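# Observations on the model geometry
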Amino acid sequence: MGKIITEEIQSLVEVELRKGASKSRIATLLGVPYDEAIVIIDEIKASFRPDVGDRIIFSFRDEKMAGTIIKLLNNSAVVEIYWDKSSDKMKDIMESKTIVNFKDIEEFISAEAD
C-alpha cells in the first residue's frame, strides 16, 4: 500500500464510518482505488473499534457517563453504567444498562483509574 495513514486520513475515515458511509464513498473521499481504501478502512476500524470489557466514558444528553461494554453491536455497544462515575441527573431516566453509539464514546478508562 502506497498511502500512509495520517491523522487526517484516520479522522476522516472514522467520521465517515460512524456516519455509515459506504466503502466506495470513503475511497472517493480519500482519492484512492477501492482496493487500497479497503485496506485503509480495515486497519482504521481495528484501531478504534472497542472490545467487550472496555471501560469507557461517553456522553448522553450532554451528560458525562461511564461504564463497561458488555456486548458489541454494529456501530454501538451495550454498556453497564457505573453510577458512581456518572451524572446523577440520569438515574431517573436510565436503566442500569444502555446502548451507546461508538461516536458518543469520548475516552477509554484504564483499570488503574479506579
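The name an unreviewed UniProt entry assigns to the protein chain is DUF2187 domain-containing protein, from the organism Carnobacterium inhibens subsp. gilichinskyi.

Our next topic: the sheet that holds strand 2 (residues 63–72). The antiparallel open sheet is built from 5 strands, whose spatial order is 4-3-2-1-5. Of all strands in the sheet, those with a lone pairing partner are strand 4 (97–101) and strand 5 (105–109), marking the two edges. Between one strand and the next, the sheet's axes are offset by a mean angle of 45 degrees, whatever the strand orientation. Strand direction decides the pairing type here: strand 2 and strand 3 (residues 76–81), joined by 5 bridges, are antiparallel. Paired with Gly67 across the bridge in strand 3 is Ile81.

Glancing now at the packing of helix 2 (residues 23–30) against helix 3 (residues 34–48). Closest axis-to-axis distance for the helix 2/helix 3 pair is 9 Å, and the angle between their directions is 105 degrees. By the angle between their axes, helix 2 is roughly perpendicular relative to helix 3. Facing helix 2, whose interface residues are Lys23, Ser24, Ile26, Ala27 and Leu30, helix 3 presents Tyr34, Ala37, Ile38, Ile40, Ile41 and Lys45.

What counts, and at which threshold
- Residues numbered from 1 in each chain as written.
- Predicted model: local features only at pLDDT ≥ 70, side-chain atom pairs only at ≥ 80, totals over all residues.
- Heavy atoms only, no water.
- Pairing = 2+ DSSP bridges.
- Helix = DSSP H or I, 4+ residues; strand = E, 2+ residues; numbered from the N terminus.
- Axes fitted to C-alpha atoms, helices over the stretch in contact; angles between N-to-C directions.
- Parallel < 35°, antiparallel > 145°, perpendicular 65-115°, else oblique.
- Contact = heavy atoms within 4.5 Å.

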